[in-house]
Amino acid sequence: MEKFSVLLCDKDSSYIRAVVRFLVTSQKQISVAAFTEEEAFQKATGDYDLALLGEEFLHLYVENQTEVRIKQILFLSSKAGERMESHETFYKFQNMTALLEKICTMNMRKKTDHAGEVAKKTAIYSPIYHDLRLPFALTYAHICSAERKVLFLDLENFSPLSDLVVSESAKKDLYDVIYLMESCRGEAFDITPFIFTYEGIGMLPTFQNPENIAEITEEQWSNLFNCIEQSGYTLVVLFEQLLQGSEELLSDFDDVILLGRPEDYFLPAQQKCMDLLQNMMQAPVVHEVKLNMSAYGLVEGTYSLRHLMEGNLGSFVRNEFKRTAAFSNP
């Protein structure tokens, strides 16, 4: 997969080293080049998706004293409130997660669906409430995001997502988003302002009050899913319960991943759910996955979504779905 290329130029070498270290350890999909001297920058060449340029370097670029080609430039300001009319400003001492979110959003826009194909919708459901259902679903979405714009929707009653993902947008309420979408009935609704990113995955906020989930009608769910799909996203939804109109909604999904465990105790519930799905009038393709892992032993301070996604769980999901149509043709 092609990496997202970032160029950093500022005379503050300590700052540049810190940002480079942060970016390369945060995202494997990011490549970074950096310059702290104007003379070296003037000799530079190459193409970059994003550049953060201090004032001196920005002037050199504008005056065509360099061979680099940049798709988007941010003026790297060392003073809060400092602005430059011709370019968007990024204050260098703000939280670096703001920069990472900016990069992830831009990288997502680079991804396009395969020509002639329709964006896919995948549902993930665990009738036994597997304790790793959220990391599992996020790992699956992360794998799909390698080539496509993916939006992950967490419909758990008490989702921990807003506490695990560092983003102010994650603190919002999906109920409000659906209400706003309904108020624009008959007009195109732009859902992108409510989308934030995590590990290259687009996300919408969760429900703050689980009672509101039961209030959403089949038509409202359908409108939300279609709005996401029309925005060019491949949709991955983690369900915790069956919604109003579940049969009709799930029949419109390309596949359902049924997440369970291999132990005998869990098999009856998993089989009942499998029977229900397969007996639907328009039965979706069902992939049964038995995950013999647990969150047991993850004491406070050790529950890291990123580490789970990159560890044994990530390996399991990759090995599981590279053998199925769910992954080979996402």
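The coordinates are above.
Residues numbered from 1 in each chain as written. Predicted model: local features only at pLDDT ≥ 70, side-chain atom pairs only at ≥ 80, totals over all residues. Heavy atoms only, no water.

**Thoughts on the pairing of strand S7 (residues 150–155)**
Reasoning step 1: Extensive coverage of S7 is indicated by the burial of 6 of its 6 residues.
Reasoning step 2: Side-chain alternation along S7 places Val150, Phe152 and Asp154 on one buried face and Leu151, Leu153 and Leu155 on a second face that is also buried.
Reasoning step 3: Alignment of S7 against strand S10 (residues 234–239), held across 6 bridges, turns out to be parallel. Pairing of phenylalanine 152 across the sheet is with valine 236, part of S10.
Reasoning step 4: Pairing analysis gives 2 bridges linking S7 to strand S9 (residues 201–203), with the strands arranged parallel. Note on S9: the bridge partner recorded for phenylalanine 152 is methionine 203. (Buried < 20%, exposed > 50% of the residue type's maximum accessible area, 1.4 Å probe, protein only. Helix = DSSP H or I, 4+ residues; strand = E, 2+ residues; numbered from the N terminus. Pairing = 2+ DSSP bridges.)

**Considerations on the pattern of salt bridges**
Reasoning step 1: Summed over the entire model, instances satisfying the criterion amount to 12 salt bridges.
Reasoning step 2: Here glutamate 229 and lysine 121 are joined by a salt bridge, their closest N and O atoms 3.6 Å apart. Residue glutamate 229 is located in helix H8 (residues 218–230), and its partner lysine 121 is located in strand S6 (residues 121–125); the two are separated by 108 residues in the primary sequence.
Reasoning step 3: Look at glutamate 229 and you get partly exposed, because its relative accessible area is 23%.
Reasoning step 4: Lysine 121 sits in the buried class, given a relative accessible area of 3%.
Reasoning step 5: Linked by salt bridges that have partners in common, Asp10, Asp12 and Lys92 make up one network. (Salt bridge = Lys/Arg side-chain N within 4 Å of Asp/Glu carboxyl O.)

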